Every structure is written in C-alpha cells, then in structure tokens.
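Inside the fold
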Amino acid sequence: EFDGRDAHEIDAYTLYVTCLYWSGMTVSSVGYGDIVAVTTWEQLYMIFCMLVGALGYGYIIGAVTIVLGSRDQRISAFHHTMDMLNEFMAFVHLADPLQIKLREFFKYVMLKA
C-alpha cells in the first residue's frame with residue numbers, strides 16, 4: 001500500500017521515483033528516520049540531497065587520504081635521509097658533537113613544513 005492506494009493504482013513514474021528514493025535511503029545509510037518525503041517532488045529533492053551528500057562525503061574522504069598519504073611519504077623520505085646520513089657519518093668517523101648538530105639540522109630542514 002502506498003499513500004493509501006494499492007501499488008497497481010499508482011502511475012509508473014511515481015512508483016519508480018518512490019523505489020529510487022527507498023533504494024537511495026537504504027544504500028546511502030541515511031536511514032528512514034522521522035522525516036519522510038511523501039510527494040514525488042519531495043522524494044526527488046531527497047534523492048538529489050543524498051547524491052550531493054554522498055559525493056561530498058567521498059570527496060572529503062579522498063582528500064583526507066591524499067593528505068595522510070603525502071604526510072607518510074614526507075616522513076618516509078625523512079627517515080631514509082637520516083639513515084643515509086647516519087651511514088655516512090659512521091663511514092667518515094665524524095665526532096659525536098658534529099653528528100648531533102648534523103642530525104638536528106636535517107631534522108629542522110626536513111620537518112619544518
């Protein structure tokens with residue numbers, strides 16, 4: 001039963017929009033809540049809102065992933081450089097105070113941003 005009418009009494013367009021609205025609510029995990037779109041125009045508007053919300057959510061998750069990924073690359077490059085520096089300092093037998101100053105310099109230069 002739909003809006004007090006049997007499903008056979010409803011035109012195909014309204015039934016299609018209602019089904020699209022229901023599937024959008026289910027897939028997007030918005031849920032069925034207390035506020036329900038009743039008319040076809042309300043359902044179309046809610047479908048549009050769900051699509052905009054899903055696209056916004058996807059964009060934000062993608063942007064955060066990119067930021068975290070670039071941060072990890074920067075830290076990985078820092079560790080690689082520090083490993084190379086430590087190997088070099090051990091190879092040329094630098095004095096300990098100079099090794100500390102070089103490590104502090106590289107840490108300052110590479111992690112300041």
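In case you missed it, the structure is sitting above this.
Now for a description of the structure that goes with this document. Here the structure is a predicted model, which means the values were calculated and not measured.

1. Let's talk about a nonpolar patch on the surface
Together, Y45, M46, F48 and V52 give the surface a local cluster of nonpolar side chains, amounting to about 410 Å² of exposed area. With respect to the secondary-structure elements, M46 resides in helix α2 (residues 40–92).

2. Looking at unusual backbone geometry
Phi at H93 is positive, roughly 55 degrees, even though this residue is not glycine. Counting through the fold element by element, H93 comes out in the loop between α2 and α3 (96–111).

3. As for the side chain of Q99
Structurally, the position occupied by Q99 is in helix α3. A distance of 2.8 Å separates a polar side-chain atom of Q99 from the backbone oxygen of L94. Not counting chain neighbours up to four residues away, the residues in contact with Q99 comprise M89 and L94.

4. A word on the packing of helix α1 (residues 12–27) against α2
Two numbers describe how α1 lies on α2: the axes approach to 9 Å, and their chain directions differ by 35 degrees. Here the hand of the crossing between α1 and α2 comes out left-handed. Along the contact surface, α1 presents Y13, T14, V17, T18, L20, Y21, G24 and M25, while α2 presents T40, Q43, L44, M46, I47 and M50. Of the residues assigned to the contact of α1 with α2, the class counts are nine nonpolar, five polar and no charged.

5. What about the nonpolar core?
Among the nonpolar cores identified, the biggest contains six residues, and these are V17, Y21, M25, A37, I47 and M50. Counting only elements with at least two residues in this core, the list comes to α1 and α2. Of all the elements, α1 adds the most residues to this core, at three residues. Ignoring sequence-local partners within four residues, the contact set of A37 consists of Y21, E42, Q43 and M46.

6. A few points about α1
Taking 1.5 Å per residue, 16 residues should reach 22 Å; α1 reaches 22 Å between its end C-alpha atoms and fits that length. By the burial criterion, the buried members of α1 are T14, V17, T18, Y21 and M25. One face of α1 carries all of its buried residues, which in axial projection span an arc of 100 degrees. For α1, exposure combined with an orientation more than 90 degrees from the buried face picks out A12, Y16 and V27. Looking at the buried residues of α1, the elements they touch are α2. Downstream of α1 by one or two residues, S29 has phi in the positive range, about 60 degrees.

7. Some remarks on the side chain of T18
Tracing the backbone shows T18 in helix α1. Its relative accessible area of 16% is what places T18 among the buried residues. Engagement of the side chain of T18 in a polar contact is seen with the backbone oxygen of T14, the distance being 2.8 Å. Here Q43 takes part through its side chain, which lies 3.1 Å from a polar atom of the side chain of T18.

Criteria and thresholds
- Residues numbered from 1 in each chain as written.
- Predicted model: local features only at pLDDT ≥ 70, side-chain atom pairs only at ≥ 80, totals over all residues.
- Heavy atoms only, no water.
- Patch = residues over 30% accessible without salt bridge, like charges linked within 9 Å, V, L, I, M, F, W, Y side chains within 5 Å.
- Areas by Shrake-Rupley, 256 points an atom, 1.4 Å probe, with all protein chains shown as cover.
- Salt bridge = Lys/Arg side-chain N within 4 Å of Asp/Glu carboxyl O.
- Helix = DSSP H or I, 4+ residues; strand = E, 2+ residues; numbered from the N terminus.
- Polar contact = N/O pair within 3.5 Å; in protein donor to acceptor, adjacent residues only side chain to side chain.
- Contact = heavy atoms within 4.5 Å.
- Axes fitted to C-alpha atoms, helices over the stretch in contact; angles between N-to-C directions.
- Left-handed = near helix turned anticlockwise from the far one by under 90°.
- Nonpolar A, V, L, I, M, F, W, Y, C, P; charged D, E, K, R; others polar.
- Core = buried A, V, L, I, M, F, W, Y, C linked by side-chain atoms within 4.5 Å.
- Buried < 20%, exposed > 50% of the residue type's maximum accessible area, 1.4 Å probe, protein only.
- Expected span 1.5 Å × (residues − 1).
- Arc of directions from axis to C-beta.

Everything listed here is a matter of coordinates, which is why it stays silent on function.
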